[in-house]
Structure formats: structure tokens, C-alpha cells
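Each chain, written out:
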Amino acid sequence: MTADISYDPRTGAAAGEVEATPDAEVDAALARAAAAAPVVAATSPADRSAWLYAIADALDEPSTVDELIALADAETALGEPRLRMEIGRTSGQLRYYADVAVEGSYLQATIDAPKPPTPGIARVQVPLGPVTVFGASNFPFAFSVLGTDTASALAAGCPVVVKAHPAHPRLSARLASLTRTALAGTSAPEGLFELVAGFDAGARLVRSAHTAAVAFTGSQRAGLALWQMANEREVVIPVFAEMGTVNPVVVTPAGADRLAELAEGFVGSFTLGTGQYCTKPGLLFVPSGHSAAEVVAAELERRAPKSWMLTERIARDAAAGVGELVTAGGRVVGSTEGPGEGWTVAPAVLSVPIEKLVSGSRLLEECFGPVVLVAEYASLAELDAALGELQGTLTAAVMTGGDEDPDVADLVGKLSGLAGRVTVNDWPTGVAITWAQHHGGPWPATTAPATTSVGAGALVRFTRPVAYQSVPDAALPAPLRADNPWHLPRRVDGTLT
């Protein structure tokens, strides 16, 4: 076993290490989670809410916030303002998912009274059991140890075993310590939350008979590897993998009149976080005759963003990706220099003939970093043909000439067949935590297109429906009993109450 080495992206220098978890300890963590699973499943949403609020309160302690920011910045180079915002988002989403659990509609409790000869049937979502969470490199708080996957799984009544991310191993260990301390003062059972580290530990988690589901945020390559591993088990388990995609933005003919304004927003969006967002807009379609790539390149040069990549491999792959895009038919129109040391990549704008955008081309695969393609279309028919070649994607956006733009409705309809979220005159980079949010998309954007990793719907991933026919009231799970002890909304004989 090898340790996870902590590096400073600004210099590339090692700054510490976290030992990999031995196999026996991984197995012990999984066994504790499995033992806790029935206890957690039977615990009321109100009690689970108290656990999540305790973690959020610990995360919000001012002295703890300062400590965590310093540690995270040393491992990610994301900077104090971004990290402070992200900690606030993380504690907020812990409380949000706690409140969603208490509200209870995610359980979809449904009761049909007996009407002879039809028997009485009641149905409810029940927790799957221990969930393995693989955190993301690009959000060390909001999508990592205490991120949305962990928070929603705990809220849904599932113990969690987190695989620490090698891009921020010391932060992962500190967040786990904070979580264990916070839970110690609550009714949470042993095994509710566990953390392991090391590459081998991740594979062991997925293959374990104790693991009931896997949640992952990251690259398509890694996500599909986990999905394949889970599907090769004797008992196949679901993998909820949210993976990187090329998120298209379409400028309508009327919208092209404000190209300078759109170029400013586009550059701000694709360079945010050094282009290391899964929702980064990576492909811009603009009507012909506007020199769109040159306009975007000029805005990039004006801004000249300088920041670091999260890992050496991400920086190397991004630089290599530019070369691959050129080989596939792209042309670099503009590029700016990075900071000059550490793990950096030069932000770049490439133009590409629209006819080169065909299924299977490297041009239609993500380049994770501040790198984008710009294609011009001569007609809406040509645009439609190009959109038909794209893979499933997390987001897609339409930039318009205003509310009366005649092309918006048709484009929204076409893009909704491609993406999990469609925005109009909004850049797609931010993902709000709301009841209506869907952060997912058709294959290969995710391995489970019907699910979301952000928003109230995230809890449903970690449950499955069970119907109870002619079961006495005392033997029913709490959400279906006549006295409704958890005070849930329920559909009784077709009427929501």
C-alpha cells in the first residue's frame, strides 16, 4: 500500500502524507457501517436531521473555518475567498438535506386501503444500506468528505463510508475527525460515518458485499471504471456517477448581436476555478460571420486569468488535451500564460469547423481545464445536425436576443433531449441547491440519468420502493402506520394528505 501524498499545487512540492488504510481496517469500517444500517434506517428523519445539524454547526465554528481554509488552500490553491464560500455552501447543504428528510416527501409514502377483492397495499422508499462515497477533487468541501453525496445519503438513512480524495488527503482526514467528534455528542450509532484512504481501499469498498451503492463525482474514465467494477460483482449494485462532459452553449442569430457581452460572460464561466468545474461550458456555437473565436480570445487575453490546477495529472492532461484537439481539427486562436510555476496550464480558445463535430471525435470529449472550442454555424439546420452528434451532457445553455427571440423554444426543446439542465441567458457553472434542481444528465454524463446529485431529489438515489400487501399496521414501517409517527406527507387512496 502507498500513502496519499499531499502536494502544494503552487509549487508541486510535497507537504505531507496520509497513510493508506490497511485492508483489515477497510473491512472493519464496512462491517461497522453494515451493523449500523438497520439502526439508521429505523431512526426518524428528525433524529437524522439532528446528526446533520451537529456536523454543520461544527463546520461553521469560526476557528475551525480558518483552520480548514488554510489546510484546503495548501492542497488545492483555490484561494481563501472561494474556499470560505464553499465551506458555507457545505454547512448549508448539510442542513438543507436534513430539512428535506424531515419534510419526508422523498419517501413517497402511498397507502391504498383494502377494497375487496383488492387487498390493502402500502408502499414506501426504504434505505439501501451502506453507501460508498468517492469525493471530487475540484470541490474539497461541497463535493467531498462532507459533500452532497454524503449529506443526502445520511439524510436518506444510509451509513456512509467515504474514500478520501488523494488531491486533498490531509483535509479529508481533518474533516473526518471533525465529523466523528460532532456525531459523538448525538444519538448517532457507531458506523454511521467512516473514512478510508488509498487507491486499493477504493476498489475494496466497491467490491465489498457490505456496500449497497456507490456515489462518485469526477472524470468519465474513473466513473466508468467504478461502474464496471460494480457491475462485475456477484450482486450488482447501483453506481451514481456524475462525470465530466462537454457542455454546449448556443448563441441564437438574434443573440449574436450582443457577442461582446456574451464573450465576457463565457470567459468568466469557462475559466472559473481554472476551468475545473464539471459544468464548465466547453463548446460555443455562434452564427457565422461574427469572428466569434477571435472575440472570445480577445476577452481571454484582456482578463489573462492566472491560477493553478488541482493536481499534476489534471494539469498534464489539460495540456495534452489541447494538442489532441488540434490534431482532431481544432485551431488555437488565443492563449494566455499561467502563473509560471507549479501545476498550471495555459487557458486556450480554439476554433473548429462545425463539420468536424462528429460522433466519436476527440473534439466532443471533455478537456478538463480552461480550454474551449468555438464553432460557427451557417444555418439552424447545420446547428441542429451538429447538436445531434453530441454526447449526453450535464448542462446546455441558450444565449438569446431577448424574451421574444423566435428560436429559443425550439432550441430549448432540442437541448432538453441532450442535457440534464437547460439554462437560458444564464451561464451553467453554478449549481443551486433547490427542490427543483437536477444535476445529472443522459449517459455518459451520468451512469443513472434519472437521478440527481444536487437538490432535494438526491435522497431518492439511496432508497428503493417496497410494497406491503395485507400487512398488519403494527408490522408496517413507521412511515406507513396509521398514526403516522414521523408526520410525513402521504398519498392515501389517491389523495395527497
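Residues numbered from 1 in each chain as written. Predicted model: local features only at pLDDT ≥ 70, side-chain atom pairs only at ≥ 80, totals over all residues. Heavy atoms only, no water.

Lay out the packing of helix α9 (residues 259–270) against helix α10 (residues 292–303) in plain terms, naming residues and giving numbers.
For the pair α9 and α10, interaxial distance at closest approach is 9 Å and the crossing angle is 55 degrees. In this view, α9 runs oblique relative to α10, as classed from their interaxial angle. Viewed along their axes, α9 and α10 form a crossing whose handedness is right-handed. The segment α9 lies against α10, with L259, A260, A263, E264, F266, V267, G268 and F270 engaging A292, V295, V296, E299, L300, R302 and R303. Split by residue class, the contact of α9 with α10 holds ten nonpolar, one polar and four charged. (Axes fitted to C-alpha atoms, helices over the stretch in contact; angles between N-to-C directions. Helix = DSSP H or I, 4+ residues; strand = E, 2+ residues; numbered from the N terminus. Parallel < 35°, antiparallel > 145°, perpendicular 65-115°, else oblique. Left-handed = near helix turned anticlockwise from the far one by under 90°. Contact = heavy atoms within 4.5 Å. Nonpolar A, V, L, I, M, F, W, Y, C, P; charged D, E, K, R; others polar.)

Pulling in residues and values, what's your account of the side chain of D407?
Along the chain, D407 falls in the loop between β15 (393–399) and α13 (408–416). For the buried D407, which has no salt bridge, the nearest side chain bearing the opposite charge is K414, at an N-O separation of 8.4 Å. (Buried < 20%, exposed > 50% of the residue type's maximum accessible area, 1.4 Å probe, protein only. Lys, Arg positive; Asp, Glu negative; His and termini not counted. Salt bridge = Lys/Arg side-chain N within 4 Å of Asp/Glu carboxyl O.)

Kindly report on the nonpolar core, identifying the contributing residues and their values.
Counting residues in hydrophobic clusters, the biggest one holds 78 residues, and the most contacted among them are L68, Y97, F141, L175, L459 and F462. With sequence-adjacent residues up to four places away left out, L175 is seen in contact with L59, L68, P140, F141, V145 and L146. The next biggest cluster of nonpolar side chains, apart from the first, holds 28 residues, and it includes F285, L350, Y377 and L415. (Core = buried A, V, L, I, M, F, W, Y, C linked by side-chain atoms within 4.5 Å.)

Any chance you could break down the sheet that holds strand β12 (residues 331–335) for me, citing the residues and the numbers?
Taken together, the seven strands give an open sheet; going across it, the order is β12-β13-β14-β11-β10-β15-β16, and neighbouring strands pair in mixed fashion. Looking at strand neighbours, the two that pair on one side only are β12 and β16 (419–424), the edges of this open sheet. Pairwise comparison of adjacent strand axes, ignoring direction, gives a mean angle of 20 degrees for this sheet. Pairing of strand β10 (residues 247–251) with β15 involves three bridges; the strand directions are parallel. When the bridges of β15 are listed, V251 appears paired with M399. (Pairing = 2+ DSSP bridges.)

Please provide a residue-by-residue account of the packing of helix α3 (residues 62–76) against helix α4 (residues 80–103), values included.
Two numbers describe how α3 lies on α4: the axes approach to 10 Å, and their chain directions differ by 125 degrees. When the axis of α3 is compared with that of α4, the two are oblique. The way α3 lies across α4 gives a crossing that is right-handed. In contact with V65, D66, L68, I69, A72, D73 and T76 of α3, α4 contributes E80, L83, R84 and I87. A class-by-class count of the residues in the contact of α3 with α4 yields six nonpolar, one polar and four charged.

Give a detailed account of the environment of A467, specifying residues and quantitative values.
Mapping A467 onto the fold places it in strand β17 (residues 463–469). Assessed through its relative accessible area of 53%, A467 is described here as exposed. Taking the C-alpha atoms as reference, A467 lies 45 Å from A385; in sequence the two are 82 residues apart. Aside from chain neighbours lying at most four places away, what touches A467 is I121, A122 and R123.

Please give an account of unusual backbone geometry that cites residues and values.
Here P116 and P117 are connected by a cis peptide whose omega angle stands at 10 degrees. The omega torsion of the bond from W443 to P444 falls at 5 degrees, within 30 degrees of zero and hence cis. Tracing the backbone shows P444 in the loop between β16 and β17. Positioned with a positive phi, S291 is a non-glycine residue whose angle comes to about 50 degrees. Within the secondary structure, S291 is located in the loop between β11 (281–287) and α10. With a relative accessible area of 43%, S291 lands in the partly exposed category.

Quick rundown of the packing of aromatic side chains? Include the residues and the values.
Inspection of every chain in the model, using the stated rule, returns ten aromatic pairs. Taking 5.3 Å as the distance between ring centres and 55 degrees as the angle between the ring planes, the aromatic pair formed by F266 and F270 counts as tilted. Separated by four residues within a single helix, F266 and F270 lie in helix α9, roughly one turn from each other. Overall, the relative accessible area of 0% leaves F270 in the buried class. Grouping aromatic residues by their ring pairs yields a cluster made of Y96, Y97 and W435. The side chain of R10 reaches across the aromatic face of W308, ending 5.3 Å from its centre. (Phe/Tyr/Trp six-rings, centres within 6.5 Å; stacked < 30°, edge-to-face > 60°. Lys NZ or Arg CZ within 6 Å of the ring centre and 35° of its normal.)

So what's going on with the pattern of salt bridges? Which residues, and what values?
If charged atoms from side chains of opposite charge come close, those side chains can pair. For the coordinates displayed, the defined rule picks out 23 salt bridges. Between D73 and R10 there is a salt bridge whose closest N-O contact spans 2.9 Å. Residue D73 is found in helix α3, and its partner R10 is found in the loop between β1 (4–8) and β2 (13–18); the two are separated by 63 residues along the sequence. The partner of K414 in a salt bridge is D410, and the shortest N-O contact between them spans 2.9 Å. With K414 and D410 both in helix α13 and four residues apart, the pair spans about one turn of that helix.

Quick one: what's the story with the sheet that holds strand β18 (residues 491–492), residue by residue and with numbers?
Taking strand neighbours across the sheet as the criterion, the five strands line up as β17-β4-β3-β18-β19 in an open arrangement whose pairing is mixed. One side of each edge strand has no neighbouring strand; the edge strands of this open sheet are β17 and β19 (495–496). Pairing analysis gives seven bridges linking strand β4 (residues 121–127) to β17, with the strands arranged antiparallel. When the sheet's bridge partners are listed, R123 is paired in β17 with A467.

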